[in-house]
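Chain residues, written in single-letter form:
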Amino acid sequence: MELDVWQLQKIIKAAAKEAVSEYAISKDPVIDEITETQAIRLGFGRRWLAHQCATGALTWKRAGVHRNSPKVYSLKKLKELKDGIDPLLKSLIRKSTELNIPTNVKMMIYGQAGMGKSTVALSAPKPLLLDFDNGVKRMNMAHLENIDTVQVTSWNDVQLVLQEDLSVYQTIVVDAIGKMMDFIITYKCGTRQPSIRDWGGINAEFSWMTRTLSSLKKHIIFVAHRDTRKEGDDTVFIPALREKSYNSIVTELDLLGYLEMKSERGVQRRTITFDPTSRNDGKNTCNLPSVMEVPTILDKNGNPTTKNDFISTRIIAPYLTMLQSKKAEQEAYNKVLSDITGCLELVADAASANDFIAHIDDFNHVGSSKMKASMMLAAKAKELGLIFNKETKTYS
């Protein structure tokens, strides 16, 4: 590649400016904020930086308001992590009670037009609606009461709102995800049809959106229209989304629900199916019922008859209760194992081993803790050289 004199001068000036900045940073302890490029040139590896951020030991912010502005780190924090004992070496392996289990639900609701998908989505706790589909005009205004909405007119609106303080919201509703893809395509391609070369950038923007939403630590609800997929002679209902985008996002979902109207004995019932069936895609990692009835919350005149809280009370609340129950069970299991371990430390001969066997049922066993106690005793007996008599079930 040939460079003219003007281009060469521009490159030299940029490199010199960067070098002077890095030298000043390395010599002046007062300067604390450095860009990612400067950090790498000062010896902090790119993969090392990514590792520290992924595990929560290091954070960064943007140097400007645009999402493509350089990442900025604290030089003091970088040096503490690099020069001291890396705390991540201690925290990468964790006990079951130390695991960070997310309590936020990420789900997608899809179905035919007019099924009330948006209304159901807004039944989540404290939602912020990102309206890509201009769907608010089709909703009952009673369901929009106390609901903050972003009426998206361009992809720049999304980039800006995701930089705002969203701490008051517990849920982000994206309605509809297929229309969101259209905004991304327009952002990348303008009015022309996307070419094969464009899809790399389009998919990258889509991935950025899903990653950013996940990083907010909130419930995320995607609303999608219904499409079909042929599987032999069968027709399967699926969300209306480009296949590659759908495949990438469905792996991150906790729930995928198909909303439809069913007629049973002349009575119309609206249901949502989370389990995958031969006629619809689904996903149910929250152990919810396979099919749930969605209550009618309007009378024949369109007036609300009850609170719109289906997702809050029937999905998220039971899920959080299940997580809390699992946590309590794990804590109880760990406690009984701690008690067992303490008693095993007193086992020093055949008599004390047999005494342990006689009182093994005295522990408040949880799950497989009794079997674990037997295995731990066998290991201790082997260490002491004791022999187990299968007939008398005692050690000697």
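Conventions used here
- In this numbering scheme, every chain counts its residues from 1 along its sequence in written order.
- Whole-chain, interface and lining totals are the exception, using all residues; otherwise, since this is a predicted model, local features are given only for residues with pLDDT of at least 70 and side-chain atom pairs are given and counted only at 80 or more.
- Only hydrogens and water are removed before side-chain values are computed, so all heavy atoms of the structure are retained for them.
- Any two strands with at least two DSSP bridges between them are considered paired.
- Labels follow the DSSP assignment, with helices taken as runs of H or I lasting at least four residues and strands as runs of E lasting at least two, numbered in each case from the N terminus.
- Contacts between residues were defined by any pair of non-hydrogen atoms, one from each residue, lying within 4.5 Å.
- For this analysis, a nonpolar core means a set of buried residues of the types Ala, Val, Leu, Ile, Met, Phe, Trp, Tyr and Cys, connected via side-chain atoms within 4.5 Å.
- When accessible area is computed with a 1.4 Å probe and restricted to protein chains, residues below 20% of their type maximum are described as buried, those above 50% as exposed, and intermediate ones as partly exposed.
- One speaks of a salt bridge when a side-chain nitrogen belonging to Lys or Arg is within 4 Å of a carboxyl oxygen belonging to Asp or Glu.
- Confidence of the predictor at the level of single residues is given by pLDDT, which spans 0 to 100.
- Polar contact criterion, stated in full: a pair of N or O atoms within 3.5 Å, where within protein one must be able to donate a hydrogen and the other to accept it, and residues adjacent in sequence count only if both atoms are side-chain atoms.
- Fitted lines through C-alpha atoms give the axes, limited to the stretch in contact for helices. The angle between two N-to-C directions lies from 0 to 180 degrees.
- Here roughly perpendicular refers to angles of 65 to 115 degrees, roughly parallel to angles under 35, roughly antiparallel to angles over 145, and oblique to all remaining angles.
- Each crossing gets its hand from how the near helix is turned against the far one by less than a right angle, where anticlockwise is left-handed and clockwise is right-handed.
- Throughout this entry, Asp, Glu, Lys and Arg are counted as charged residues, while Ala, Val, Leu, Ile, Met, Phe, Trp, Tyr, Cys and Pro are counted as nonpolar. The remaining residues, Gly among them, count as polar.

Attention shifts here to the pairing of strand β3 (residues 71-74). Where strand β1 (residues 33-35) lies against β3, three bridges are found, and the strand directions are antiparallel. Bridge pairing links I34 to Y73 in β3. The pairing of strand β2 (residues 61-62) with β3 spans two bridges and is classified as antiparallel. In the sheet register, K61 faces β3, and the bridge partner there is V72.

It is worth spelling out the side chain of S245 at this point. Turning to its location among the elements, S245 is positioned in helix α10 (residues 243-250). Sequence-distant contacts of S245, that is, excluding residues within four places in its chain, are made with M181, N203 and F206.

Moving on, we get to the nonpolar core. One finds L130, F132, W155, I177, M180, M209 and F222 to be the most contacted residues of the largest nonpolar core, which totals 38 residues. Counting residues per element, this core draws most heavily on helix α8 (residues 177-189), at seven residues. In terms of nonpolar packing, the next biggest core, distinct from the first, is built from 31 residues, V120, V136, L259 and F310 among them.

Let's shift gears to the pattern of salt bridges. By the definition in use, this model includes 11 salt bridges. One salt bridge in this structure joins E205 and K188, with 3.8 Å as the shortest N-O distance. Highlighted residues: E205 in helix α9 (residues 198-215) and K188 in helix α8, separated in sequence by 17 residues. Residue class for K188 comes out partly exposed when judged on its relative accessible area of 36%. Note that D361 and K370 form a salt bridge whose closest N and O atoms lie 2.7 Å from each other. One connected set of salt bridges, linked through shared partners, spans R229, E231 and D281.

With that settled, the discussion passes to the confidence of the model for the protein chain. Predicted confidence across the protein chain gives a mean pLDDT of 82, with 86% of residues reaching 70 or more. Here residues 85-91 scores under 50 on pLDDT; set against residues more than four positions off or in separate chains, the count is nine contacts.

Now for the side chain of H219. By the secondary structure assignment, H219 is in strand β8 (residues 219-231). Classification of H219 as buried rests on a relative accessible area of 6%. Here V105 takes part through its backbone nitrogen, which lies 3.0 Å from a polar atom of the side chain of H219. Among residues more than four places away in sequence, those in contact with H219 are T103, N104, V105, P125, Q170, T171, I172 and I316.

Moving on, we come to the packing of α8 against α9. At a minimum axis separation of 10 Å, α8 and α9 run at an interaxial angle of 130°. With respect to their mutual orientation, α8 and α9 come out oblique. When the axes of α8 and α9 are compared, the crossing they make is right-handed. Contacts from I177, M180, M181, I184, I185, Y187, K188 and C189 in α8 reach D198, W199, G201, I202, E205, F206 and M209 in α9. Split by residue class, the contact of α8 with α9 holds 11 nonpolar, one polar and three charged.

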